[in-house]
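# Tertiary structure, described
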Amino acid sequence: MSFLSLQGVTKRFGSVLALDDVVLTAPQGSRTAIVGPSGSGKSTLLRLLAGFDAPDTGRISLDGEVLADGPAAVPAHRRGIGLVAQEGALFPHLSVAENIGFGLPRGTAGRDARIRSLAGMVELDEDLLRRRPDALSGGQQQRVALARALARQPRLMLLDEPFSALDTGLRASTRKAVSALLDKAGVTTILVTHDQAEAMSFADQVAVMRNGRLLQVGPPRELYLQPSDETVASFLGPAIFLAAQMQGGFAECALGHVPVGGHPAGTRVRIMLRPEQISFVPVCGAAEGIGYAKVIATEFAGSDCLMQVQIEGRAGTDAVSVAIRTSPSHMVPPGSWLKLAVVGTAHVIEASAASEAYVD
Ligand SMILES: Nc1ncnc2c1ncn2[C@@H]1O[C@H](COP(=O)(O)OP(=O)(O)OP(=O)(O)O)[C@@H](O)[C@H]1O
């Protein structure tokens, strides 16, 4: 049996179906990230896990204990679940030490030592313990919030966009530190985030949510390279979709002969590639034919620049415009011609009926 299990969880607010038959499991010690657009139901799911609200139908269990079975639910304070919210939500009038020790009864033997040990775990200097939260940086405040949540040795840790208030550099380093810490403590964790890259680097399982439903759940690499549909594909990053015809295990498309993963059913398919799977070499002058493309526009964005290129369609089909990624030193100006090649395999995202027309 899974350590954390949600079965058929549904929650409605008036006419809004916030959670629609959610099924999710997580092994002990694992990290799950829930991503999805605004209003997709992420916070509602977290609130139900924390015990701040109860499902209409469905069952939530943790470590063999049923936490909610429809509206009958174990109250939040009896769940042994820690929560770190977006702003850390520290008590402003208490010192950092008292914030960390908030859940530890006063007078408990070794309380101060435990607070110092928790501060050490989240790499907070001891001399910060006497300060008030407003005298700490955003990253330090988040680490205090994490130490406070860890103090009660939760069975499950819920992280609700805990890094979103931090700037890019601090965000990445805090995420790494928190991730290593949770790993070491072996705490099962659920992270809610708007940031797909953050979800994929933090978690061993990612769940993509939309309109209250989980569209796909799996390891980050699997979701990124083998999404179940175009919505999941596009949500996790830029994607190139091309119509293709299967021939001898290859997809014949505007890019030529492209190897595909798996054994797709059907002959007319739609394939997906990630922009970084397209390599190119500039060619002199106009070069028409399969695999050649003209640069239409460029977008400078530091280390990760984009070039919009137009590929001639196969006979009788329209040209296809796709974005490919490159470094600033490899970017060429609009009007240049390129020979493209595909790195790795394409993913067949949709196999159509054999009678469907072949279109790009
Ligand atoms: N207490 C409530 N009363 C009425 N509707 C609610 C309530 N809480 C959530 N909803 C609705 O349920 C849906 C899901 O909301 P939820 O906050 O879970 O989404 P979310 O994915 O967390 O969004 P965001 O990323 O913007 O925080 C939304 O349509 C929201 O308006």
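Named according to an unreviewed UniProt entry, the protein chain is ABC transporter ATP-binding protein originating from Roseomonas haemaphysalidis.

## Structural notes on the site of the ligand
Every residue lining the ligand is accounted for by Phe13, Val16, Ala18, Gly36, Ser38, Gly39, Ser40, Gly41, Lys42, Ser43 and Thr44. Looking at the shell around the ligand, the elements with two or more residues in it are β2 (16-26) and α1 (42-50). Per element, the largest residue contribution to the shell around the ligand is three residues, and it comes from α1.

## Structural notes on the nonpolar core
In this structure, Ile100, Ala147, Leu158, Leu242, Cys253 and Ile271 are the most contacted members of the largest nonpolar core, which totals 91 residues. In contact with Cys253, other than residues within four places in its own chain, are Leu242, Ala243, Ala244, Val258 and Ile271.

## Quick notes on the sheet that holds strand β6 (residues 72-73)
If you walk across this open sheet you meet the five strands as β2-β1-β4-β5-β6, and the pairing is antiparallel. Both edges of this open sheet fall to β2 and β6, since each of them pairs with a single strand only. Pairing analysis gives two bridges linking strand β5 (residues 65-69) to β6, with the strands arranged antiparallel. If you follow Ala68 over to β6, its bridge partner there is Ala73.

## A short note on helix α5 (residues 168-185)
An ideal rise of 1.5 Å per residue puts 26 Å on 18 residues; α5 measures up with 26 Å between its terminal C-alpha atoms. All buried positions along α5 are accounted for by Thr174, Arg175, Val178 and Leu182. All buried residues of α5 fall inside an arc of 105 degrees around its axis, so they share one side. Across from the buried face of α5, at angles greater than 90 degrees, the exposed residues are Gly169, Lys176, Ala180, Asp183 and Lys184. At its buried positions, α5 is contacted by β3 (31-35), α4 (138-151), β8 (156-160), β9 (188-193) and α6 (196-202). Looking one or two places after α5, you find Gly186, whose phi comes out positive at around 65 degrees.

Conventions we followed
- Residues numbered from 1 in each chain as written.
- Predicted model: local features only at pLDDT ≥ 70, side-chain atom pairs only at ≥ 80, totals over all residues.
- Near = placed C-beta within 6 Å.
- Helix = DSSP H or I, 4+ residues; strand = E, 2+ residues; numbered from the N terminus.
- Core = buried A, V, L, I, M, F, W, Y, C linked by C-beta atoms within 7 Å.
- Buried ≥ 20, exposed ≤ 12 C-beta atoms within 10 Å, placed from the backbone.
- Contact = placed C-beta atoms within 7 Å.
- Pairing = 2+ DSSP bridges.
- Expected span 1.5 Å × (residues − 1).
- Arc of directions from axis to C-beta.

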